Amino acid sequence: MDLKGKIAFITGGARGIGFEIASVYAQNGANIVIGDINEEILEEAEKKLKEYGVDAAGYKLDVSQYESCEEVVKKAIDKFGRIDILVNNAGITRDNLIMRMKVEDFDRVISINLRGTFNCTKAVIRQMMKQRSGRIINIASVIGLMGNAGQANYAASKAGVIGLTKSTAKEVASRNINVNAIAPGYIQTEMTEVLPEEVKEKMLETIPLNRPGTPRDVANVALFLASEYSSYITGQVIVVDGGMVM
Ligand code: NAP
C-alpha cells in the first residue's frame, strides 16, 4: 500500500505496537514523527525508521498534557508542512480490583489513554481540516468492548476512546477526515509480557485462532486504515483479536 510522501504522527511510537505501526508506515513510504514519554529509546527508534529510506523525527511527548501534544504537532508541521495520519497509540495499564484500585491509578489511566487521545486529536484537527484530508486511528482494546475484572480504569478509558472515535468521525467527515479505532486483543508486547503465566494461558484458551497476536497483526490493519483502500470507512471499530470477541 502506498503512503509515499504522507506524514504520519504516532504517539507512544518508540516501542511496542506504536513502533511497529511506524515501521510498517515507513516501509510503505511515509515520513514519520514519533512521540514518546520514554526519551531514552526515541533516538534509536528514529534511527531504525530512517533505515527504510524515509525521513523520521522523534520528540518527547506526554499525551496527558495538552501543551505537550500541541508542541509536538507544531514541530511536526514546521518540519514536514502537514500531518496526514495521526495514530493515537500511547497507553498504559494500572490493573487492580476496584476495591483496591487507587484513585490516582484510575485518573492516570484515563488521563493517558482517553484524555491523551482527545489532546492529540485536538492538537492536529485544525491542520487536517485546513488540508481537507486526514486519517485518525485510535488504538482502543477489546477490553473496552467486553470489560474485564481488575481493569475497570483501562476498560473505561478504552470504551471512552470508542465513543470519542465515533463523535470525532461525525464531526470531521465533511472535511474528508476518516476516524476509526482498532481494538486489539492479546498482543505480545512489553505491556503484556509482565502478566503472570497463568493469566496468559487463560487468555490463550479464549482465542479461537489459538495464538497471541503480534504487533504486526495490528500494524497491518493500521496500514489499511491509513491507505486509500479504506477511504469509505469511518467511525468503525476493527477488532484484531484472533476471534476472542465475536
Ligand atoms: P507498550 O509496549 O507499553 O508501549 C507503549 C508506549 O507508549 C511506550 O513507549 C510508553 O512509554 C509510551 N507511553 C506511555 N505513556 C505515555 C505518555 N503519557 N505519553 C506518550 N507516550 C507514552 O504498549 P503496547 O502493548 O505497544 O500498547 C500500545 C497501545 O495498544 C496501547 O494503547 C494499549 O492500550 C493498546 N493495546 C495493547 C494490547 C496488548 O495486548 N499489548 C491490547 C489491546 C490494546 P513507557 O515505556 O515509558 O511507558
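Described in the following lines is the structure provided in the data block. All values reported here derive from a predicted model rather than from experimental measurement. Going along each chain's sequence as written, the residues are numbered from 1 onward. Reporting of local features is limited, given that this is a predicted model, to residues whose pLDDT is at least 70; pairs of side-chain atoms are given and counted only at 80 or more, and all residues count toward the totals for whole chains, interfaces and linings. Excluding hydrogens and water, the side-chain values take into account all heavy atoms of the structure.

## As for helix H1 (residues 16-27)
Between its first and last C-alpha, H1 extends 17 Å over 12 residues, near the 16 Å set by a 1.5 Å rise per residue. Using a 1.4 Å probe on the protein chains alone, a residue whose accessible area is under 20% of its type maximum counts as buried, one over 50% counts as exposed, and one in between counts as partly exposed. Only DSSP runs of H or I with at least four residues qualify as helices, and only runs of E with at least two residues qualify as strands; both kinds are numbered from the N terminus onward. In terms of burial, H1 is a largely internal element, 10 of the 12 residues being buried. Regarding H1, the residues found buried are Ile17, Gly18, Phe19, Glu20, Ile21, Ala22, Ser23, Val24, Tyr25 and Ala26. Close packing links the buried residues of H1 with strand E1 (7-11), strand E2 (31-36), helix H2 (42-50), strand E4 (85-88), strand E5 (134-139) and helix H9 (215-226). Of the residues trailing H1, glycine 29 is marked for its positive phi of about 100°. Here a helix's expected span is defined as the number of its residues, less one, multiplied by 1.5 Å. Contact between two residues is taken to exist if any of their heavy atoms lie within 4.5 Å; hydrogens are not considered.

## Some details on the site of the ligand
We call a residue near a molecule or strand when any one of its heavy atoms sits within 4 Å of it. Lining the immediate surroundings of the ligand are 27 residues, of which Arg15, Ile17, Asn89, Tyr154 and Thr189 lie closest. For the purposes of these results, a polar contact is taken to be a pair of N or O atoms within 3.5 Å, where, inside protein, one atom must be able to donate a hydrogen and its partner to accept one; residues adjacent in sequence count only when each atom of the pair is a side-chain atom. The side chain of lysine 158 places a nitrogen or oxygen atom 2.9 Å from an oxygen atom of the ligand. Where accessible areas are quoted, they stem from the Shrake-Rupley method and a 1.4 Å probe; at the residue level, only the protein chains shown are allowed to cover. For the ligand, whose accessible area on its own is 890 Å², the fraction buried by protein is 92%. Under this grouping Gly is polar, as are all residues other than the nonpolar Ala, Val, Leu, Ile, Met, Phe, Trp, Tyr, Cys and Pro and the charged Asp, Glu, Lys and Arg. A class-by-class count of the residues in the shell around the ligand yields 14 nonpolar, nine polar and four charged.

## A closer look at the packing of helix H4 (residues 103-131) against helix H6 (residues 152-172)
Between two packed helices, the angle of one axis relative to the other and the distance separating the axes together describe the packing. All axes are obtained by fitting lines to C-alpha atoms, using only the stretch in contact for helices, and the reported angles, taken between N-to-C directions, cover 0 to 180 degrees. Here H4 crosses H6 at 15°, and the two axes come no closer than 8 Å. As judged from the angle between their axes, H4 and H6 are roughly parallel. The hand of the H4/H6 crossing is right-handed. Note on element contacts: H6 touches H4 through Ala152, Asn153, Tyr154, Ala156, Ser157, Lys158, Gly160, Val161, Leu164, Thr168 and Val172, opposite Asp105, Phe106, Val109, Ile110, Asn113, Leu114, Thr117, Phe118, Thr121, Ile125 and Met129. Its residues placed into classes, the contact of H4 with H6 shows 13 nonpolar, seven polar and two charged. Put simply, angles under 35 degrees are roughly parallel, angles over 145 are roughly antiparallel, angles from 65 to 115 are roughly perpendicular, and the rest are oblique. Take the far helix as your reference; a near helix turned counterclockwise from it by less than a right angle gives a left-handed crossing, and one turned clockwise gives a right-handed crossing.

## Brief notes about the environment of lysine 74
Structurally, lysine 74 can be placed in helix H3 (residues 66-80). The spatial distance from the C-alpha of lysine 74 to the C-alpha of methionine 203 is 41 Å, given a sequence separation of 129 residues.

## Examining the packing of aromatic side chains
Any two of the Phe, Tyr and Trp rings considered here, Trp counted by its six-membered ring, make a pair once their centres fall within 6.5 Å; the pair's planes then place it as stacked at under 30 degrees, edge-to-face at over 60, or tilted in between. Applying the stated criterion across every chain, the model contains zero aromatic pairs. A cation sits over an aromatic face here: lysine 79 above phenylalanine 80, 5.3 Å from the ring centre. For a Lys NZ or an Arg CZ to count as sitting over a ring, it must be within 6 Å of the ring centre and within 35 degrees of the ring normal. For lysine 122, the ring lying beneath its charged end belongs to tyrosine 66, and the centroid distance is 5.8 Å.

## Some remarks on the side chain of asparagine 138
Structurally, asparagine 138 is set in strand E5. Looking at asparagine 138, its side chain comes within polar contact range of the side chain of asparagine 88, at 2.8 Å. Among residues more than four places away in sequence, those in contact with asparagine 138 are Asn88, Thr117, Val161, Thr165, Val179, Asn180, Ala181 and Ile182.

## A look at the pattern of salt bridges
Salt-bridge detection follows one rule: a side-chain nitrogen of Lys or Arg within 4 Å of a carboxyl oxygen of Asp or Glu. If you walk through the whole model with that rule in mind, you get 11 salt bridges. Between lysine 79 and aspartate 55 there is a salt bridge whose closest N-O contact spans 3.5 Å. Taken together, the residues lysine 79 in helix H3 and aspartate 55 in the loop between H2 and strand E3 (56-60) connect sequence positions 24 residues apart. Of the charged contacts in the structure, one is a salt bridge between aspartate 84 and arginine 82, with a shortest N-O distance of 2.8 Å.

## Some details on unusual backbone geometry
Located in the positive-phi region is asparagine 176, a residue other than glycine, with phi close to 65°. Among the secondary structure elements, asparagine 176 is positioned in the loop between H6 and strand E6 (177-184). You can call asparagine 176 partly exposed: its relative accessible area is 46%. In this model, asparagine 210 sits at a positive phi of 65°, which is unusual for a non-glycine residue. As for its position among the elements, asparagine 210 is in the loop between helix H8 (197-205) and H9. Judged by relative accessible area, which is 59%, asparagine 210 ranks as exposed.

## Considering the pairing of E2
In terms of burial, E2 is largely enclosed, as six of its six residues are buried. Burial of the side chains of E2 extends over both faces: Asn31, Val33 and Gly35 are buried on one face and Ile32, Ile34 and Asp36 on the other. Here the rule is simple: two strands pair whenever DSSP picks up at least two bridges between them. The sheet contact formed by E1 and E2 spans five bridges and is parallel. Of the residues in E2, the one forming a bridge with isoleucine 10 is isoleucine 34. Call a crossover right-handed when, viewed with both strands pointing away from you, the route from the first strand across the helix to the second goes clockwise. For the handedness criterion, the β-α-β arrangement of E1, H1 and E2 is classed as right-handed. What joins E2 to E3 is H2, and the crossover it makes is right-handed.

Geometric values such as these leave the question of function open.
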